[in-house]
Amino acid sequence: QQPVQSPQAVILREGEDAVINCSSSKALYSVHWYRQKHGEAPIFLMILLKGGEQKGHDKISASFNEKKQQSSLYLTASQLSYSGTYFCGTGDPSTGANSKLTFGKGITLSVRP
Amino acid sequence: NAGVMQNPRHLVRRRGQEARLRCSPMKGHSHVYWYRQLPEEGLKFMVYLQKENIIDESGMPKERFSAEFPKEGPSILRIQQVVRGDSAAYFCASSPFSEYYGYTFGSGTRLTVV
């Protein structure tokens, strides 16, 4: 089942914050977050495995709610380099946390000067 | 330390021809995955391989598509008798032997069928 990402698009000014969500009607086994710039490879941001988990680096962090049905990606004090399409990918308990990911459709985030 | 290497970056094939896409995983990574991406859509899982083994090919069409990851050399995704609908970006990714790591993606092969 494909996870649903929201909002559909985000436009920010440099320095502003944003939250991107990844939701499912069923409990998720794992959540990966990636950022892809046009014409380039997706870049891994982080993976969350446990309900209630939070992790982050620099000004990008993510959380996985207790029921494991939603993950959110937090971008604080956004920089121009944050622009791109953000994908969440969810793992399958029958195959492992990263063996066969089902990706959402992605959210385009644009940071303007 | 080179990342995941995919070639060619762009491939044009006429309908009915064969397409061969190559992927060399990151050094130390034993797991290889192939995903397909269409414009404005997310990545769709195709196949998961380890050396000399296909672990999961549930996302791959039953006909015309095959994948391998031989003991020596790169992983190959092969599409026989290509059709216009095969036009897409094909991404290969690799990961270490652990479910706690994310993927390292290659830059993709953009296949155009004319």
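The preceding data block contains the structure.
Residues numbered from 1 in each chain as written. Chains lettered and ligands numbered in written order. Predicted model: local features only at pLDDT ≥ 70, side-chain atom pairs only at ≥ 80, totals over all residues. Heavy atoms only, no water.

1. Observations regarding the overall build of chain A
A tally of helices and strands in chain A yields 0 helices and 11 strands. Each helix and strand of chain A, ordered N terminal to C terminal, gives the series β-β-β-β-β-β-β-β-β-β-β. Relative to the 2.2 N^0.38 estimate, which gives 13 Å for 113 residues, the radius of gyration of chain A is 13 Å and therefore close to what a compact globule would have. By residue count, 50% of the 113 residues in chain A fall in the buried class. Long-range contacts, defined here as pairs at least 24 residues apart, represent 56% of the contacts in chain A between residues at least 6 apart. Just so you have it, chain A exposes about 5400 Å², and 49% of that area is on carbon and sulfur atoms. (Helix = DSSP H or I, 4+ residues; strand = E, 2+ residues; numbered from the N terminus. Rg over C-alpha atoms; globule rule 2.2 N^0.38 Å. Buried < 20%, exposed > 50% of the residue type's maximum accessible area, 1.4 Å probe, protein only. Contact = heavy atoms within 4.5 Å. Areas by Shrake-Rupley, 256 points an atom, 1.4 Å probe, with all protein chains shown as cover.)

2. With respect to the sheet that holds strand β1 (residues 4-6) of chain A
Residues and elements named next belong to chain A. Taken in spatial order, the 5 strands make up an open sheet running β1-β3-β8-β7-β6, and their pairing is antiparallel. For this open sheet the edge positions go to β1 and β6 (54-57), each flanked by a neighbour on one side alone. When strand polarity is set aside, the average angle formed by the axes of neighbouring strands in this sheet is 15 degrees. By the bridge criterion, 6 bridges tie strand β3 (residues 18-23) to strand β8 (residues 70-75) in an arrangement that is antiparallel. Its bridge partner lying in β8, V19 is registered against Y74. (Pairing = 2+ DSSP bridges. Axes fitted to C-alpha atoms, helices over the stretch in contact; angles between N-to-C directions.)

3. Observations regarding the interface of chain B and chain A
Quoted interface sizes are often the accessible area lost when the parts come together. Taken together, the contact pairs 25 residues of chain B with 23 residues of chain A. Taken together, the connections running from chain B to chain A amount to 0 salt bridges. Where chain B meets chain A, there are 5 residue pairs in polar contact (both at pLDDT 80 or more). Counting only elements with at least two residues in the side of chain B that touches chain A, the list comes to β4 (31-37), β5 (43-50) and β9 (88-95) of chain B. Looking at which element gives the most residues to the side of chain B that touches chain A, the answer is β5(B), with 4 residues. For the side of chain B that touches chain A, the per-class residue count stands at 10 nonpolar, 8 polar and 7 charged. (Salt bridge = Lys/Arg side-chain N within 4 Å of Asp/Glu carboxyl O. Polar contact = N/O pair within 3.5 Å; in protein donor to acceptor, adjacent residues only side chain to side chain. Nonpolar A, V, L, I, M, F, W, Y, C, P; charged D, E, K, R; others polar.)

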